[in-house]
Amino acid sequence: MTLTQEIAIKEYGPPTIPGSVIDAKTIPLPLKIRLTARVGELRREVSRTVHDLRYRAPRPRGVAKILVLVPAHNEADAIGHTLQALLRQTRPADRIVVLADNCTDDTAQIARGFRGVTVMVTVGNTDRKVGALIQGWRRWQAGYDFVAGVDADTMLAPDCLRYLEADLVAQPNAGGVMARYSFDQRLGTTFAARMLIRLQRLEFASWTADILRKKRTYVLGGQASLFRADALRAVALQSPTQAPWNPASQVEDMLLTGDLRAMRYETPVSTRARAYAGPMITVRSLYSQRRKWDEGMIRLLTTNGINRWTSSLWRQQFSLLSNGLTRLGFLFMLTAALMVHQFVWDWIWIFPPAVAVLLNLRQAVRVPHRTPADLVAAVTLVPVELYLMLRLVCATASWVTVLAGVKGDGWARQARAEAGRGNGTAKFLGGVLVALLTGAGAVFAWLHATAGFQRASLTSGWYILAAVTVVQVLGMLWRIVRRQKARP
């Protein structure tokens, strides 16, 4: 018996003819009854459908979705190359968003000319790159499984996104994975610019080799890293900005990596994905960039102390300091001995630079797309040593600034330096003047010291210097002979 028949019997009573059945086709029913019956049937169909959907068997998950955020401030010269590389990925991104932040050039217009690229102009942002990332994250992150941060002057190799995604899928406990960075030597148009790029390539190759050996990094660099979206959301929940990044730090990518590590996420480096970051092509811009990085890192170190995450950073700072002091100590001892005619040459001192040349040569051989000039720079040693001195000056100035409680806008300083502006020359000359005055005072005091004091100082100084040098040489030899599983 149908629902219509049941309603008819309820409304009119049972049939009067024994054995007969009320048939909706033979007995005309009022419109009210027909509508009520139809509504009841529809209600039952909806209930069955909802039940089937709620308790349906799980289906295999589809392809993950990738969001790429590209913060850009006045990057008209580079944004086109960056977007071309992103659009040519063998694993295409599901959405590419250019975050045009306070641009006064044609960055946004150029980006809009690329089909498949979304342009978002930041509103009221005063936190520079970090603020742009936060605005982009809040607007676009919903519904995506992975989020990539790519600098506007970084070019990804064609298979970079594919490898980064594969690495995250293969490591469920990884919060993010970083591409291996290098620099395009062709971007240098002058001898000085090409030399600076070459030295940055050598430095990053050495750094990448170290973190590949450790299988994790203390910083998922903002140049090109892919993050698990759920991991970023977890960080955002406990962040004062309600976003993964914090504008209070000048090294937002390093702080984010520390937050991920604190939440027990791994932070590996891809052994296959490659990206080419924008190099610094002047000494002024390189100095400003490293000052920003060093100051931000030192503030993190002084705030967080020593733990599993910061231990690598502390070792890096100690290594840089010890290498710099060794070289300055040798120059000081050599000069002091020559001034009082007490210097005696020993051929053992040729061994440290020889080992350094071998180490530089080994690292230069592994530089991606190396050129003969890379090998020449490593063998001659002088450019590498000058670059080390620049790094030491940056680190020293940064430590002094942080410990003195001086705060500045590293982003603005770097932007001015890249544009060829700023008062860096005056500060540099002031530093040189202070160094000259200090050196003159030390020379005067040394020449007027007693002969006994001079002999005792030279003897103890050479012994201390020799002991430290032996330790450093052993460390370099170990780096030369140890096996490297992946290319930097």
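Here the structure is shown first, and the text comes after it.
Residues numbered from 1 in each chain as written. Predicted model: local features only at pLDDT ≥ 70, side-chain atom pairs only at ≥ 80, totals over all residues. Heavy atoms only, no water.

Draft legend 1. Up close: helix α17 (residues 451-481). Spanning 31 residues, α17 covers 45 Å between terminal C-alpha atoms, matching the ideal 45 Å at 1.5 Å per step. Those residues of α17 that sit buried are Gln454, Leu458, Gly461, Trp462, Leu465, Thr469, Gln472, Val473 and Met476. (Helix = DSSP H or I, 4+ residues; strand = E, 2+ residues; numbered from the N terminus. Expected span 1.5 Å × (residues − 1). Buried < 20%, exposed > 50% of the residue type's maximum accessible area, 1.4 Å probe, protein only.)

Draft legend 2. Representation of a nonpolar patch on the surface within the structure. A grouping of Trp345, Trp347, Ile350, Phe351, Val470, Leu474 and Leu477 is seen on the molecular surface, where their side chains present a nonpolar patch of about 740 Å² in accessible area. Examining the composition of the nonpolar patch, we find that 3 residues originate from one element, α17, more than from any other. Relative to the assigned elements, Val470 resides in helix α17. (Patch = residues over 30% accessible without salt bridge, like charges linked within 9 Å, V, L, I, M, F, W, Y side chains within 5 Å. Areas by Shrake-Rupley, 256 points an atom, 1.4 Å probe, with all protein chains shown as cover. Salt bridge = Lys/Arg side-chain N within 4 Å of Asp/Glu carboxyl O.)

Draft legend 3. Region of the structure containing the packing of aromatic side chains. Taken as a whole and judged by the stated rule, the model has 12 aromatic pairs. Ring centres 6.2 Å apart and planes at 70 degrees place the aromatic pair Trp207 and Tyr218 in the edge-to-face group. Of this pair, Trp207 sits in helix α7 (residues 191-214) while Tyr218 is found in the loop between α7 and β7 (224-228), placing the two residues 11 residues apart along the sequence. We classify Trp207 as buried; its relative accessible area is 18%. Given a relative accessible area of 11%, Tyr218 falls into the buried group. With a centroid separation of 5.5 Å and an interplanar angle of 50 degrees, the aromatic rings of Phe330 and Trp349 are classed as tilted. Within this pair, whereas Phe330 is found in helix α11 (residues 311-339), its partner Trp349 is found in the loop between α11 and α12 (351-365), the two being separated by 19 residues in sequence. The exposure class assigned to Phe330 is partly exposed, which follows from its relative accessible area of 24%. With a relative accessible area of 19%, Trp349 lands in the buried category. Through a chain of ring-to-ring contacts, the aromatic side chains of Phe330, Phe343, Trp345, Trp347, Trp349 and Trp462 assemble into a single cluster. Positioned over the ring face of Tyr144 is Lys65, at 4.9 Å from the centre of the ring. (Phe/Tyr/Trp six-rings, centres within 6.5 Å; stacked < 30°, edge-to-face > 60°. Lys NZ or Arg CZ within 6 Å of the ring centre and 35° of its normal.)

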